[in-house]
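Survey of secondary and tertiary structure
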Amino acid sequence: MTEPTPEAFTRPVENAHRAALRSIARVVEDTAEPQPAEVAREGIASLLRRGGVLAVTGAGVSTDSGIPDYRGPQGSLHRHRPMTYQEFQHDTAARHRYWARGFVGWRQMHRAEPNQAHRLLAKWQSSGLLSGLITQNVDGLHRAAGSDPLIPLHGDMDSVICLNCGNRETRSSMDARLQEANPGYAEAAFAAAENVNPDGDVTLDQSWVEKFHMITCLVCGSDRLKPDVVYFGESVPAERKAAVDALVEASSALLVVGSSMAVMSGFKIALTMHQSHRAIGVINGGPSRADAKADWRWRTRITPALEELDQLLGDRTHQ
């Protein structure tokens, strides 16, 4: 992604943008050895049998639905840098580029279906093994699988907000308006796109970006429309933080599933659990920031791991 010109940002905005770039670039390294599979599996199963476990999920849960993760071996950060909140707010060209790419990418993400990992987590919730689920994903797949209670920590791609007047619109409604303004564009651009990213856009050549026509807010006419998700460099809304705090307080233990916990908004949950001496289990394909705080560390693929746990839990998941 092209860096914005220095004139685009004031000093405070530039500082926030640079902090967001550091967060994006954070490399999560091994801080604790993963345990043998049978040890970690039985330890995590014992947590779940006691019930009241809070699950926090990340992009690794959705890879089997065709949505790439960020920091895994094939993660999107190896080829694509997400846009920061500061760029989206203050750089008109960057915002136009996002919507050209997002128009194409969202249509592919919108077709994604929940996979077995989403379904098993929802089943464990309905069985009382999980007290709730907090996801860092914005793909809506936990909601589609029936998870309840569910807190989408970083929002959901299915809603759009105007940064000028605050009006909200569904992404489906906006997509219909974009199709009208750009007939045939999504299909042709997708054929030229390189990949779909977990934040809902694709990689497009600049020539495609220049062909894209942006629409405006239905209420105020501004083109400062933004997916209602938390970007790097943006704070989680206060009411959502309060809901997270209440769910953390009500939970007996923590299970991290498919997340490197690289972003502080998620990692803070693990810190809080650890500080209050509540048990933590981690199931992830690579290292997680929560590993050093965890009692159980299972380094493995997500869906097969949850299937194995479901077998171990037996009748507890069929109540």
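Residues numbered from 1 in each chain as written. Predicted model: local features only at pLDDT ≥ 70, side-chain atom pairs only at ≥ 80, totals over all residues. Heavy atoms only, no water.

Sites flagged by UniProt as "binding site: Zn(2+)" (unreviewed entry) map to Cys162, Cys165, Cys217 and Cys220. In terms of the greatest pairwise C-alpha distance, the residues named above, spread along 59 residues, form a tight cluster of at most 8.7 Å across. Mapped onto the secondary structure, Cys162 falls in strand 4 (residues 155-162). Contacts of Cys162, omitting those with residues within four sequence positions, involve Asn167, Cys217, Cys220, Ser222, Arg224 and Leu225. Among the secondary structure elements, Cys220 is positioned in the loop between helix 9 (206-211) and strand 6 (225-229). (UniProt positions renumbered as here; feature names shortened; annotations may be inferred. Helix = DSSP H or I, 4+ residues; strand = E, 2+ residues; numbered from the N terminus. Contact = heavy atoms within 4.5 Å.)

Quick look at empty space enclosed by the protein now. One pass over the structure, following the stated rule, counts one cavity of 30 Å³ or more. Contributions of two or more residues to the lining of the largest cavity are made by helix 4 (92-109) and helix 7 (171-181). In terms of residue class, the lining of the largest cavity is made up of five nonpolar, one polar and two charged. (1 Å grid on protein atoms, 1.4 Å probe; cavity = no way out; pocket = protein on both sides within 12 Å on 5 of 7 lines; lining within 4 Å. Points joined across faces, edges and corners; volume = space filled by probe spheres on them. Nonpolar A, V, L, I, M, F, W, Y, C, P; charged D, E, K, R; others polar.)

This part takes up the pattern of salt bridges. Two side chains that carry opposite charge are able to pair once their charged atoms sit near each other. One pass over the full model with this rule turns up 13 salt bridges. Arg143 is the partner of Asp158 in a salt bridge, and the nearest nitrogen-oxygen pair spans 3.2 Å. Here Arg143 lies in helix 6 (residues 141-145) and Asp158 lies in strand 4, a separation of 15 residues in the sequence. Of the residues examined, Asp158 reaches a relative accessible area of 30% and is grouped as partly exposed. Residue Asp228 is joined to Arg168 by a salt bridge in which the shortest nitrogen-to-oxygen separation is 2.2 Å. Taken together, the residues Asp228 in strand 6 and Arg168 in strand 5 (residues 168-170) connect sequence positions 60 residues apart. For Arg168, a relative accessible area of 48% corresponds to the partly exposed category. (Salt bridge = Lys/Arg side-chain N within 4 Å of Asp/Glu carboxyl O. Buried < 20%, exposed > 50% of the residue type's maximum accessible area, 1.4 Å probe, protein only.)

Attention now moves to the pairing of strand 7 (residues 253-257). Burial runs high along strand 7: five of the five residues are buried. Alternating residues of strand 7 divide into Ala253, Leu255 and Val257 and Leu254 and Val256, and every residue in both groups is buried. Sheet topology note: the strand 7/strand 8 (residues 280-284) ladder contains four bridges and is parallel. Across the sheet, Val256 pairs through a bridge with Val282, a residue of strand 8. Read as a crossover between parallel neighbours, the route from strand 7 over helix 11 (residues 264-275) to strand 8 is right-handed. (Pairing = 2+ DSSP bridges. Right-handed = clockwise from strand over helix to strand, strands pointing away.)

Direction vectors running N to C along helix 2 (residues 37-50) and helix 12 (residues 302-313) enclose 60°, while the axes themselves pass 10 Å from each other. One way to sum up the angle between helix 2 and helix 12 is to call them oblique. Of the two possible hands of crossing, helix 2 and helix 12 adopt the one that is right-handed. Of the residues in helix 12, those touching helix 2 at Arg41, Glu42, Ile44, Ala45, Leu48 and Arg49 are Glu308, Leu309, Leu312 and Leu313. For the contact of helix 2 with helix 12, a count of residues per class yields six nonpolar, no polar and four charged. (Axes fitted to C-alpha atoms, helices over the stretch in contact; angles between N-to-C directions. Parallel < 35°, antiparallel > 145°, perpendicular 65-115°, else oblique. Left-handed = near helix turned anticlockwise from the far one by under 90°.)

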